[in-house]
Amino acid sequence: MSDELLVVRCQLGEREAFTELVQGWHPKVERYVGRMLGAPDDDVVQEIWLAVVKGLPRLRHPDRFAPWFFTVARRAVMNRLREAYTRPEPEPIDDVQGDDAAEGVVHRETLAVALAAIPAREREVLLLFYLEDLPLEACAQICAVPVGTVKSRLNRARRLLRQELVRKGYEA
Amino acid sequence: MTPEEVLSRLEAPLSLRKRIAYLTVALAGLTASALIGLLWATEPDLPLRTEVAFAVLVTIGLCWAAFGGWAVTRRTPLFARDRVIAAWLGAGAWLTLTIGASAITILRHEFEPAVAGIVLTLGVLAAVNLRAARRARAALTRRKTELSPSAGER
């Protein structure tokens, strides 16, 4: 069943649809929260689900559930990460080319470990773009930044990830 | 945390019974306050003690209305089906108010244009709200039918 149909059924008030929605999306929430925070956090996960249930009746475009869902999740995660965000963001690096070689070689699990060492802003776009397979526009919407900023964060994130993997002894 | 644990923690906002209960409390508080207020406004020369009693009752009713309103907007959201139920409950509350207002008017043998205006306005609001809720639900139901796998096979 498509997410849109599930969301429409939830908006109608069908209890079984909520069960399916939670069962289908819970692993994604846990993965996102765990990787963004570096460790599982049940309180944040619960906070996200509560916000999702409360916000569902007002969701006007059920076909765009995924970006909306991650926007809600991001808000909860960012509240938890606020301290990390008080650090000034480095200047965007627009001229760095994407290092596709690293993407092809690195296994997802290895990636997950290395992700923990990357700053939250960069880790976030990597998670959304590569692990959740969201388009750049959706990432931009979730992060509330222009698409260009997402691209530059992705570039920087790939570079940092590559440095991290090299530091750990992997060949880039 | 498992999905089942998540669902058990979401029990309160997902419970239809709780949503309807909060809504009923809100409407009952509002209707009772309105009727007592109406009685208070249309009854001349009331003793001070009675006026104080009326004020206390109106306040209690408004407090329940505020609590119910807060609960359905902040704690237990109204989904499409609930909105239709809520709109019918609102229409019922309006009917109760109308009967009460009519009884007060008949007992006093005096037509109150202001009261009639308020009752009519609330009636229009209740009807518009019911129509909007039914349309919203119908739109979602149509979309659900379009998206259902069986619709694609046809």
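Just above sits the structure.
As the structure is a computational prediction, the values presented were derived from the model and not from experiment. (Residues numbered from 1 in each chain as written. Chains lettered and ligands numbered in written order. Predicted model: local features only at pLDDT ≥ 70, side-chain atom pairs only at ≥ 80, totals over all residues. Heavy atoms only, no water.)

Trainee: Where do I start with the overall build of chain A in this structure?
Mentor: The number of helices and strands found in chain A is 9 helices and 0 strands. What you see in chain A, going N to C, is helices and strands ordered as α-α-α-α-α-α-α-α-α. Counting over 172 residues, chain A shows a buried share of 50%. Within chain A, counting contacts between residues at least 6 apart in sequence, those at least 24 apart form 65% of the total. (Helix = DSSP H or I, 4+ residues; strand = E, 2+ residues; numbered from the N terminus. Buried < 20%, exposed > 50% of the residue type's maximum accessible area, 1.4 Å probe, protein only. Contact = heavy atoms within 4.5 Å.)

Trainee: Explain the state of the cysteines to me, please; I cannot follow it from the model alone.
Mentor: Note: disulfide means a covalent bond formed between the sulfur atoms of two cysteine side chains. All names here are of chain A. Applying the stated criterion across every chain yields a total of 0 disulfides over all chains. Cysteine Cys 143 shares no disulfide, and the gap to the nearest cysteine sulfur, in Cys 139, comes to 6.4 Å. With relative accessibility at 4%, the residue Cys 143 sits in the buried group. (Disulfide = S-S within 2.5 Å.)

Trainee: Looking at this structure, I do not really get the nonpolar core. What am I missing?
Mentor: The nonpolar side chains of a soluble globular protein tend to be buried, and buried together. By size, the foremost hydrophobic cluster in this structure holds 59 residues, and its most contacted members are Leu21(A), Tyr32(A), Ile48(A), Trp49(A), Leu56(A) and Phe65(A). Ranked by the residues each element gives to this core, the list is headed by helix H4 (residues 65-85) of chain A, at 11 residues. Setting aside chain neighbours within four positions, we find Leu21(A) in contact with Leu6(A), Val7(A), Cys10(A), His26(A), Trp49(A), Leu56(A) and Phe65(A). Counting 7 residues, the second-largest nonpolar core is a separate cluster that includes Leu23(B), Leu27(B), Ala71(B) and Ala93(B). (Core = buried A, V, L, I, M, F, W, Y, C linked by side-chain atoms within 4.5 Å.)

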